[in-house]
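Now for the letters of each chain:
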Amino acid sequence: MTDTATKPAKSRGWKRHHELRAADRAAKTAIEQGLLDGLGRAPTMADRLAVEQIASLTILARTLERRGKIVAAGKVRDQIVRAQRTNGMKPEPPAPQKVDPLAAIEAHIARRRESV
């Protein structure tokens, strides 16, 4: 007697779990890099820790939203806002605008003509 029953297809759960974790790690790295680049200055250790915390919380919120836990994700988003406010990551103040060299020369010539 032979068994002709087919085996059920294997679950894709673990593979998908690892795919999502890899995507989350890549997204976390991208968030961290974007926040650090946005500072416009060399980040301090406190900046790096704050960026890591904000990126981790963002990924957690996205994971909870993906699972349909919207209320829990909202609470995490509130933590993100508080972390941004309390960590004091301030970008470097904008540099003064550079003077257009041609405009500076023309202004100098105009002042010279007025004084003559």
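Computed from a predicted structure; not experimentally measured.

### Structural notes on the overall build of the protein chain
- What the protein chain contains, in helices and strands, is four helices and zero strands.
- Starting at the N terminus and ending at the C terminus, the protein chain contains elements arranged as α-α-α-α.

### Quick notes on helix α3 (residues 70-87)
- In this model, α3 (18 residues) spans 25 Å end to end at C-alpha, consistent with the 26 Å of a helix rising 1.5 Å per residue.
- All of the buried residues in α3 are Ala73, Val76, Ile80 and Ala83. Projection of α3 onto a plane perpendicular to its axis shows the buried side chains occupying an angular sector of 70 degrees, all on one side. Facing away from the buried side of α3 by more than 90 degrees, the exposed set consists of Val71, Lys75, Arg85 and Thr86.
- Packed against the buried residues of α3 are α2 (45-66).

### A short note on the pattern of salt bridges
- The full count for this structure, using the stated rule, is six salt bridges.
- One salt bridge in this structure joins Arg12 and Glu19, with 3.3 Å as the shortest N-O distance.
- Exposure remark for Arg12: the relative accessible area of 47% places this residue in the partly exposed category.
- By relative accessible area, Glu19 is classed as partly exposed at 29%.
- Here Glu19 and Arg16 are joined by a salt bridge, their closest N and O atoms 3.4 Å apart.

### With respect to the confidence of the model for the protein chain
- Per-residue pLDDT for the protein chain averages 86, and the proportion of residues at 70 or more is 89%.
- When mean pLDDT is taken per element in the protein chain, α2 scores highest with 93 and helix α4 (residues 101-115) scores lowest with 86.

About the criteria used
Residues numbered from 1 in each chain as written. Predicted model: local features only at pLDDT ≥ 70, side-chain atom pairs only at ≥ 80, totals over all residues. Heavy atoms only, no water. Helix = DSSP H or I, 4+ residues; strand = E, 2+ residues; numbered from the N terminus. Expected span 1.5 Å × (residues − 1). Buried < 20%, exposed > 50% of the residue type's maximum accessible area, 1.4 Å probe, protein only. Arc of directions from axis to C-beta. Contact = heavy atoms within 4.5 Å. Salt bridge = Lys/Arg side-chain N within 4 Å of Asp/Glu carboxyl O. pLDDT = per-residue confidence, 0-100.

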